[in-house]
Amino acid sequence: MEVLNNILNFTINFSDKIQITVKGILVLVAIFFATSFFLKVIRKIVNRRLEERDKDKFKVIFSFLKYFIYVLVIIIALDSLGVKISVLLTSSAALLVGLGLGLQTLFQDIISGIFMLLDKTIHINDVIEVEGKVGKVFEINLRTTRAMTVDDKVIIIPNHIFLANSLYNWTQNGQLIIESIDIGVAYGSDVEKVKELLLETAKEHPKVLNTKKIDVLFMDFGESALQFRLRFSTRDSFSLFKIKSDLRFIIDKKFRENNIQIPFPQRDVHLIQNKD
């Protein structure tokens, strides 16, 4: 027993003012594991009471709070064991300043992630467009958000970008989106026939909603073409580029079959010959 007491009371001197015993280290480890255990219990209890859509949000916020609680518990434990925290902080002030500058962006990402979740800017499965890139969100972490593009590439987006830049959420108001395709036809074309063909095109595509209004607008008399716009609705916003491509293929085929030309810009060049 005396040997055990001697081992537990063995003092480790980090400096003249910072000392801790083996017993203190064991107590610190025990407090750390006890804190971890209680946090897991609290997380399970709260998760049971949350709706499914709010669980991912709570997971991210809880991760941030967990690290904060760990740091707070360790500081309190060290102080109770006789370690002068003020001396420790003073001696490492330069290091802390360097870390603070280096981790500035990291903290921006963390705080931005919390704000994003609290104001419900983004949810899992939302289709977003940021900095010209479009993807479906499949994971929201404390520091980054991950999205899958239409060509199966993963975009890892630091969370502070969502607050610093403009964000387009294609599914914020639900899965239904209204899109359009602009088409130009040659002057002299039968405009009623053009409208009929465009409506047929949209109705034939399986991912265009026939229950919603499909419309064709005569937009303008352009410089070299009559400008039309086909408006349609779909619930598969993630496949929007493929849907538009399919519609353009069908439009081109129908126009060829009905002798309707899609013009290209033309210019008349007048040559003036100098008679001298």
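Here goes a summary of the coordinates provided.

Parameters and conventions
- Residues numbered from 1 in each chain as written.
- Predicted model: local features only at pLDDT ≥ 70, side-chain atom pairs only at ≥ 80, totals over all residues.
- Heavy atoms only, no water.
- Helix = DSSP H or I, 4+ residues; strand = E, 2+ residues; numbered from the N terminus.
- Buried < 20%, exposed > 50% of the residue type's maximum accessible area, 1.4 Å probe, protein only.
- Contact = heavy atoms within 4.5 Å.
- Areas by Shrake-Rupley, 256 points an atom, 1.4 Å probe, with all protein chains shown as cover.
- Phe/Tyr/Trp six-rings, centres within 6.5 Å; stacked < 30°, edge-to-face > 60°.
- Pairing = 2+ DSSP bridges.

From N to C terminus, the protein chain includes nine helices and 10 strands. Residue burial in the protein chain is summarised as follows: out of 276 residues, 29% are buried. A separation threshold of at least 6 residues defines the contact pool for the protein chain, and within that pool the share at least 24 residues apart is 60%. Here the protein chain displays about 18800 Å² of accessible surface, and carbon together with sulfur accounts for 58% of that area.

To continue, consider the side chain of Thr149. By secondary structure assignment, the location of Thr149 is in the loop between strand S5 (144-148) and strand S6 (154-158). Residues within four places of Thr149 in sequence aside, it is in contact with Val134, Gly135, Ile155 and Phe238.

It is worth spelling out the packing of aromatic side chains at this point. The tally for this structure, following the rule as stated, stands at four aromatic pairs. Plain terms: the ring middles of Phe218 and Phe221 are 5.2 Å apart, the flat faces sit at 50 degrees to each other, and that makes the pair tilted. A relative accessible area of 38% means that Phe218 is categorised as partly exposed. Among the residues examined, Phe221 registers a relative accessible area of 58% and is labelled exposed. For the pair Phe218 and Phe228, a centre-to-centre distance of 4.6 Å together with 25 degrees between the ring planes defines the contact as stacked. Of this pair, Phe218 sits in strand S9 (residues 215-221) while Phe228 sits in strand S10 (residues 226-234), placing them 10 residues apart in sequence.

The two faces of a sheet get side chains in turn, since along a regular strand they alternate between them. Across four bridges, the pairing between strand S3 (residues 127-130) and strand S4 (residues 133-140) is antiparallel. Within the sheet, the bridge partner assigned to Ile128 lies in S4 and is Gly135. In this antiparallel pair of consecutive strands, S3 and S4, the connection spans two residues, and Glu131 shows a positive phi of 55 degrees. Sheet analysis places S3 next to strand S7 (residues 167-169), joined by three bridges and oriented antiparallel. Residue pairing across strands places Glu129 opposite Tyr168, the latter belonging to S7.

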